[in-house]
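Inside the fold
Residues per chain are reported as follows:
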Number of protein chains: 2
Amino acid sequence: MFEPSTLKDIAKALGLSTSTVSRALRDTHEISSRTKQLVMDYAKKINYRPNPNALSLKERRSKSIGVLVSEVANHYFSQAINGIESIAYDKGYHVIITQTHESYDREKINTEYLSSRSVDGLLISLSAETDDVAHLKYLHDKGLPMVFFDRVAEEIDTHQIVANNEKGAFEATSHLIETGYRKIAHLTSSAHLSISKERLSGYSRALAQHNIPINEDYIKHCPHGGMFHEEVETAIQELLDMKDKPDAIFVAGDRLSIGCLMVFKKLNIKVPEDMAIAGFSNSDVLDLMSPSLTSIRQPAFEIGQIATEMLINLIESRYPVTEFEKKVLDTSLFIRNT
Amino acid sequence: MFEPSTLKDIAKALGLSTSTVSRALRDTHEISSRTKQLVMDYAKKINYRPNPNALSLKERRSKSIGVLVSEVANHYFSQAINGIESIAYDKGYHVIITQTHESYDREKINTEYLSSRSVDGLLISLSAETDDVAHLKYLHDKGLPMVFFDRVAEEIDTHQIVANNEKGAFEATSHLIETGYRKIAHLTSSAHLSISKERLSGYSRALAQHNIPINEDYIKHCPHGGMFHEEVETAIQELLDMKDKPDAIFVAGDRLSIGCLMVFKKLNIKVPEDMAIAGFSNSDVLDLMSPSLTSIRQPAFEIGQIATEMLINLIESRYPVTEFEKKVLDTSLFIRNT
DNA sequence: TATATTTGTGCAATCGTTCCCGACATACCG
DNA sequence: CGGTATGTCGGGAACGATTGCACAAATATA
């Protein structure tokens, strides 16, 4: 039905050969300016676009990069995606976004998919469930460029770009302590995730610095990153059922903050009177909460931009890159009503 | 660097021709089961994937569909995208998501991009700024299948799938009236958008049914759909500056609701004491607001699913389709704290 | 045994583009 | 006037996969 025009069409119409037309459009020096003009005018007239599939086949690259995130509804990721697109479009790359919904299986399927779509590189933030990165290591070993952001895999030797999770967690926890809370719980994502480890470490350091012993029972992991409402509800319930129950929670992510607030609302627990909250979040909507919760904001847009620049550098590098960089960006703490 | 294996590689390794290998993998009856097994085993071993560019070039289709939405951070759209992907993946199609950020220029650029990427079809929700759909009509006339959802273009004769905006708006406005409000303003997106018209119509009908005269000054349009904070702020300020200022607002969208609440928070206006709000929203986060606002929820996931089914039917139809359908799905009203 | 039929495989064209190579002109120099 | 530059252009192979056609070998039929 929909037949775009080709070089051959132009060549036939103008009585030239396809090679001449191709060269004219690429502005090669060996074509007379008269012919060039002729071809270019006609191409513009019929709105000629080179077939990207033919190009990809010939050039052996697709000028597109694949993105693996947990979900676009998460404001951290939607902002990161905006950063990714801003750079990618500039450099002539297309962006293919896939969502894992924190599922390891989906991550594998999406990885398969993207590599079969012959993307030139991958931007990856691991899913909460992912513990084994063999599927990515395989592709990396075969030479597919990839850059990790946010949730990184240490086993794979490549660029990483993350927020300073340890420091952000430290600041948020310190803030809770300085506001007067002592019994601070920590609700976080699955234990093997890099961000979970780093945030837990910042939380622990803040407690230690104030000589507050760490209560292991105060630390609750959600293996699916809060994608299942029950896991959040169970974790919160367990905290509330403790005889020495916490008076504040440091929450490690957006999805978890929302889940947490939902549970509190359901149980009619008031924030911050009954339970104070501070947490990682890039959602402007959460700021509307009254009283708003103190939040650590990550430079998501910038992280997306830098990751994309690094990836495109890898892709376009003429020789294999062996020196990799780990870039850490500072977070900012927004203190609200606490 | 990254060289995927090809049919030729398999053929060479097994001492066969590429055609035999191709046929063996496609499980044609004219290949001996012994050869088939041999080829399939080896293909699996080296993890062979057919080159999608070569396939697209040959088949003259890419098995991918393009999506045009305003932004993925909007929960309505992220849910719709989940619906789209659920169907598309099932039927072997890939989804390329592009964001317009409510900008007409970006919509044009993205449309260009998608058509040049030779997608097999388009799923479109118009941007707030878009008044002229010539760029889409051009492609539609050339035979590119497209389906509109949410914000539709009446000028283009194809399938449409939308929520019952008129009824939803009627119910929300009626609810405000029945709760006791009489001076109900309406904050909405740009005037030419289909959803704006329909929601305005429902709003008007509710007022008329309760014999409340329509005050044109109560109706505020945001030409950029609330993407610029100032347009929302100005609109709200104008409402507040009126001598007979409204006591309630019916808001036509998610982004606008958020913008609206931000302005109220800044001006220290309490909801619903100083100003009641009811509006279209698919955000679960807004539900956390205390007191929550009454919201009209659209079946976004389902809308995405149906739109995708319709599009794939168009794409795979053997003969040109001339009969088009307009599907209207009911919204649901969530009454909260008012 | 000779011919017809089935079965298994290879050749080559095709999709749209780029690019190496060679074919012409025209121009210039000795 | 013969030979070398130079400037323009066309022919054809290649990228990876599919597929109609041809053709060989194996089997069935007369």
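Preceding this paragraph is the structure being described.
Presented here is a report on the structure given in the accompanying data block.

Each value, and the rule that gives it
- Residues numbered from 1 in each chain as written.
- Chains lettered and ligands numbered in written order.
- Predicted model: local features only at pLDDT ≥ 70, side-chain atom pairs only at ≥ 80, totals over all residues.
- Heavy atoms only, no water.
- Salt bridge = Lys/Arg side-chain N within 4 Å of Asp/Glu carboxyl O.
- Buried < 20%, exposed > 50% of the residue type's maximum accessible area, 1.4 Å probe, protein only.
- Contact = heavy atoms within 4.5 Å.
- Buried area = accessible area lost by both parts, 1.4 Å probe.
- Helix = DSSP H or I, 4+ residues; strand = E, 2+ residues; numbered from the N terminus.
- Core = buried A, V, L, I, M, F, W, Y, C linked by side-chain atoms within 4.5 Å.
- Least-squares fit on C-alpha atoms with pLDDT ≥ 70 in both.
- Near = heavy atom within 4 Å.
- Polar contact = N/O pair within 3.5 Å; in protein donor to acceptor, adjacent residues only side chain to side chain.
- Nonpolar A, V, L, I, M, F, W, Y, C, P; charged D, E, K, R; others polar.
- Pairing = 2+ DSSP bridges.
- Right-handed = clockwise from strand over helix to strand, strands pointing away.

Here we come to the pattern of salt bridges. Residues and elements named next belong to chain A. Under the defined criterion, the tally for this structure stands at 25 salt bridges over all chains. Across the pair R151 and D150 runs a salt bridge, and its minimum N-O distance is 3.0 Å. Assessed through its relative accessible area of 6%, R151 is described here as buried. On the basis of relative accessibility, which here comes to 4%, the residue D150 falls in the buried class. The partner of E154 in a salt bridge is K326, and the shortest N-O contact between them spans 3.4 Å.

As a further point, take the interface of chain A and chain B. Contacts between chain A and chain B engage 54 residues on the former and 54 residues on the latter. Across the chain A to chain B interface the summed buried area is about 5100 Å²; carbon plus sulfur atoms make up 56%. Along the contact surface separating chain A from chain B lie two salt bridges. Across the pair R49 of chain B and E112 of chain A runs a salt bridge, and its minimum N-O distance is 3.0 Å. Sorting the residues of the side of chain A that touches chain B by element identifies α4 (52-59), α5 (75-90), β2 (94-99), α6 (104-116), α7 (134-141) and α11 (254-266) of chain A as the ones contributing at least two each.

Next up on the list: the nonpolar core. Within the largest apolar cluster, 90 residues are counted, with the highest numbers of intra-cluster contacts made by L187 and I249 of chain A together with L187 and I249 of chain B. Among residues more than four places away in sequence, those in contact with L187 of chain A are K220, C222, V232, A235, I236, I249, F250, V251, A252, L256 and C260 of chain A. Counting 56 residues, the second largest nonpolar core, distinct from the first, contains V147 and I315 of chain A together with A80 and I315 of chain B.

Placing chain A over chain B gives an RMSD of 0.1 Å and needs a rotation angle of 180°, together with 0.1 Å of translation along the axis. Taken together, the rotation and translation relating the two chain copies correspond to the operation of a two-fold axis. Looking at chain A, 96% of its interface residues are interface residues in chain B too, so the copies touch through the same face.

The environment of DNA strand C is made up of 29 residues, and the closest members are L7, S22 and Y48 of chain A together with T20 and R23 of chain B. Atoms of DNA strand C within 4 Å of the protein: sugar and phosphate make up 65%, bases the balance. With respect to DNA strand C, the side chain of R23 of chain A contributes an N or O atom lying 3.0 Å from a base nitrogen. At 3.3 Å, a side-chain N or O of R60 of chain B approaches a phosphate oxygen of DNA strand C. Those elements that provide at least two residues to the surface near DNA strand C are α1 (7-14), α2 (18-25) and α4 of chain A together with α2 (18-25) and α4 (52-59) of chain B. Of the residues forming the surface near DNA strand C, the biggest block, four residues, is contributed by α4 of chain A. Along the lines of polarity and charge, the residues of the surface near DNA strand C split into eight nonpolar, 11 polar and 10 charged.

All names here are of chain B. In terms of residue burial, strand β2 (residues 94-99) counts as a mostly covered element, since six of its six residues are buried. Residues H94, I96 and T98 point to one face of β2 and V95, I97 and Q99 to the other, with burial holding for every one of them. Of the pairings in the sheet, the one linking strand β1 (residues 64-69) to β2 comprises six bridges and is parallel in character. Note that in β2 the partner of I65 across the bridge is V95. Each parallel crossover has a hand, and the one from β1 via helix α5 (residues 75-90) to β2 is right-handed.

This paragraph deals with the protein's contact with DNA strand D. Every one of the 28 residues lining DNA strand D counts as a neighbour, but T20, R23 and T35 of chain A together with L7 and Y48 of chain B are closest to it. Sugar and phosphate atoms constitute 65% of the interface atoms of DNA strand D, taking the interface as everything within 4 Å of the protein. Note that a phosphate oxygen of DNA strand D is positioned 2.8 Å from one of the side-chain N or O atoms of T35 of chain A. Within the backbone of L7 of chain B, one N or O atom sits 2.5 Å away from a phosphate oxygen of DNA strand D. Mapped onto the surface near DNA strand D, the elements with two or more residues apiece are α2 and α4 of chain A together with α1 (7-14), α2 and α4 of chain B.

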